[in-house]
Amino acid sequence: MAWQWRFEKADGTEHPPADPPGGFGTQGDAESWLGENWQGLAEEGIDRVVLLEDDAVVYGPMGLHAEDPPADVPDA
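Predicted model, so just to flag it, every value in this text is computed and none were measured. The residue count restarts for each chain, going from 1 along the sequence in the order it is written. Two thresholds apply to this predicted model, a pLDDT of at least 70 for residue-level local features and 80 or more for giving and counting side-chain atom pairs, whereas whole-chain, interface and lining totals are computed over all residues. In computing side-chain properties, one takes all heavy atoms of the structure into account and sets aside hydrogens as well as water.

## Looking at the pairing of strand β3 (residues 56-63)
Paired strands, as defined in this entry, are two strands with at least two bridges between them according to DSSP. A run of H or I in DSSP becomes a helix once it reaches four residues, and a run of E becomes a strand once it reaches two; helices and strands are each numbered from the N terminus. In the sheet, strand β2 (residues 48-53) pairs with β3 via 5 bridges, with the strands oriented antiparallel. Among the inter-strand pairings, Glu-53 is bridged to a residue of β3, identified as Ala-56. Linking β2 back to β3 in an antiparallel pair, the connection comprises 2 residues, with Asp-54 at a positive phi of about 55 degrees.

Here it is, written out as structure tokens:
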């Protein structure tokens, strides 16, 4: 399984960062990376992210700006 982030503008178009992180081995690794890097991504003009496991959406879109409402996260 490969976990990855899809990076988007507010309108849903893809907007990859200058230095894309590639895939992660676990969901926790992907979420930790985002926790450490979200501010830089927002400064690059990325408005929201979607977490994918392989090609399936796990959750998102999740906004990177303080004024964005929280994403709908499915119940575990």
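What follows picks up the thread again.
## A closer look at the pattern of salt bridges
Between Lys or Arg on one side and Asp or Glu on the other, a salt bridge is scored when a side-chain nitrogen of the former is within 4 Å of a carboxyl oxygen of the latter. Evaluated as defined, the whole model comprises 3 salt bridges. Glu-8 is the salt-bridge partner of Arg-6, the closest N and O atoms lying 2.9 Å from each other. Judged by relative accessible area, which is 4%, Glu-8 ranks as buried. Several salt bridges share partner residues, and in doing so they unite Arg-6, Glu-8 and Arg-48 into one network. Only protein chains enter the area calculation, which uses a 1.4 Å probe; residues under 20% of their type maximum are buried, those over 50% are exposed, and those in between are partly exposed.

## Side note on the nonpolar core
Among buried residues, the Ala, Val, Leu, Ile, Met, Phe, Trp, Tyr and Cys ones that are joined through side-chain atoms within 4.5 Å form a nonpolar core. Core analysis: the biggest nonpolar cluster contains 14 residues, and Trp-5, Phe-7, Trp-33, Leu-34, Leu-41 and Leu-64 have the highest contact counts within it. Mapped onto this core, the elements with two or more residues apiece are β1 (3-8), α1 (27-43) and β2. The leading source of residues in this core is α1, at 5 residues. Once residues within four sequence positions are removed from consideration, Leu-34 is found in contact with Trp-5, Leu-41, Val-49, Met-62 and Leu-64. Note on contacts: a residue pair qualifies if any of its non-hydrogen atoms lie within 4.5 Å across the two residues.

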